[in-house]
Amino acid sequence: MKRIFLFLAPLLYLAACDTSKEFAPDENAGMQLAKKVSIFESQDSQKKWVLRAEAVDFSDLQHATLKNPDLLLKEDGKDSASVTGQTGTFNYASKKVSIEGNARIQSFAENLIITADRFFYDVNKNRIWSNDKTTIIRGGVKVTAKGGVVTDSKLKNIEIKKQTTSLPQNISELNSQTL
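Our subject in this report is the structure included herewith. In this text, all values refer to a predicted model and were calculated from it rather than measured experimentally. (Residues numbered from 1 in each chain as written. Predicted model: local features only at pLDDT ≥ 70, side-chain atom pairs only at ≥ 80, totals over all residues. Heavy atoms only, no water.)

### Some thoughts on the overall build of the protein chain
So, step 1. Counting its secondary structure elements, the protein chain contains 2 helices and 14 strands.
So, step 2. Out of the 179 residues in the protein chain, the part that is buried amounts to 31%.
So, step 3. In the protein chain, once contacts between residues fewer than 6 apart in sequence are set aside, the share between residues at least 24 apart is 32%.
So, step 4. Carbon together with sulfur atoms contributes 51% to the accessible area of the protein chain, which is approximately 11,900 Å² in total. (Helix = DSSP H or I, 4+ residues; strand = E, 2+ residues; numbered from the N terminus. Buried < 20%, exposed > 50% of the residue type's maximum accessible area, 1.4 Å probe, protein only. Contact = heavy atoms within 4.5 Å. Areas by Shrake-Rupley, 256 points an atom, 1.4 Å probe, with all protein chains shown as cover.)

Next comes the structure, spelled out in structure tokens:
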């Protein structure tokens, strides 16, 4: 009887340790999450842009869904601007980025901040735009573009759609600001 028990004990142990019902990637093919992800494009050994996110869902074959994205734009190897928001997407085929939820552009080179509900970035055309109310702040001047803006990634030439402007309270404030 002891021999039968000694023989059956390992078999019972193996049966109890069967892991075939545990999570396997094939059983949940729609779930492909990654944390702290960077996607970038380089040219002539320099990065043109870097898209970072706290978490990315790669389950959709058309685009990646981003949590807390930060799109860092580069000019001559240096950081020129940053586009941030709460969520976003990166479309693989069209190479277009969408960043939304308290979306904000900060230009390091031009010393300005642009805010909107959502910004788009076209990698191939090197163009940023918004379609809804957008606010541009530089120095003491605030411009509201009711129809959005269109600009290149350098943020040097900004096309403003349906504009309103708030000027400083007095002329000395305007003269003290560097534009």
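Read on, since the account is not over.
### Quick look at the packing of aromatic side chains
So, step 1. Taken as a whole, this structure holds 3 aromatic pairs when the rule is applied.
So, step 2. For the ring pair tryptophan 49 and phenylalanine 90, a centre distance of 6.0 Å and an interplane angle of 45° mean the geometry is tilted. Taken together, the residues span a long stretch of sequence, with tryptophan 49 in strand 2 (residues 46–57) and phenylalanine 90 in strand 6 (residues 87–91) at a distance of 41 residues.
So, step 3. With relative accessibility at 8%, the residue phenylalanine 90 sits in the buried group.
So, step 4. A connected cluster of aromatic rings, assembled from ring pairs, spans Trp49, Phe90 and Tyr92.
So, step 5. Taking the ring centre of phenylalanine 40 as reference, the NZ or CZ of lysine 47 above it sits at 4.5 Å. (Phe/Tyr/Trp six-rings, centres within 6.5 Å; stacked < 30°, edge-to-face > 60°. Lys NZ or Arg CZ within 6 Å of the ring centre and 35° of its normal.)

### Describing the environment of alanine 116
So, step 1. Within the secondary structure, alanine 116 sits in strand 8 (residues 112–122).
So, step 2. You can call alanine 116 buried: its relative accessible area is 10%.
So, step 3. Separated by 18 residues in the primary sequence, alanine 116 and threonine 134 place their C-alpha atoms 4.6 Å from one another.
So, step 4. Residues in contact with alanine 116, not counting those within four places in the same chain, are Asn102, Ala103, Ser130, Lys133 and Thr134.

### Describing the pairing of strand 3 (residues 63–67)
So, step 1. Side chains Ala64 and Leu66 of strand 3 all project onto a buried face; the interleaved residues His63, Thr65 and Lys67 project onto a face where none is buried.
So, step 2. As paired strands, strand 2 and strand 3 are joined by 3 bridges and run antiparallel to one another. Bridging across to strand 3, alanine 55 finds its partner in lysine 67.
So, step 3. In this antiparallel pair of consecutive strands, strand 2 and strand 3, the connection spans 5 residues. (Pairing = 2+ DSSP bridges.)

### Quick notes on the pairing of strand 10 (residues 134–138)
So, step 1. Sheet topology note: the strand 8/strand 10 ladder contains 4 bridges and is antiparallel. Bridging across to strand 10, alanine 116 finds its partner in threonine 134.
So, step 2. Across 5 bridges, strand 10 lies against strand 11 (residues 141–145) in antiparallel orientation. Bridge pairing links isoleucine 136 to valine 143 in strand 11.
So, step 3. Once strand 10 ends, the chain turns through 2 residues before running back antiparallel as strand 11, passing glycine 139 with a positive phi of about 65°.

### Thoughts on the side chain of threonine 134
So, step 1. Structurally, the position occupied by threonine 134 is in strand 10.
So, step 2. Judged by relative accessible area, threonine 134 falls into the buried class, the value being 0%.
So, step 3. Separated by 2.5 Å, the side chains of threonine 134 and serine 130 make a polar contact.
So, step 4. Setting aside chain neighbours within four positions, we find threonine 134 in contact with Ile114, Thr115, Ala116, Phe119, Val143, Thr144, Ala145, Gly148 and Val149. (Polar contact = N/O pair within 3.5 Å; in protein donor to acceptor, adjacent residues only side chain to side chain.)

### Remarks on the environment of serine 80
So, step 1. Assignment of secondary structure puts serine 80 in strand 5 (residues 78–84).
So, step 2. Along the primary structure serine 80 and serine 107 are separated by 27 residues, whereas in three dimensions their C-alpha atoms are 6.0 Å apart.
So, step 3. Other than its neighbours up to four places away in sequence, serine 80 contacts Leu73, Lys74, Glu75, Gln106, Ser107, Phe108, Ala109 and Ser153.

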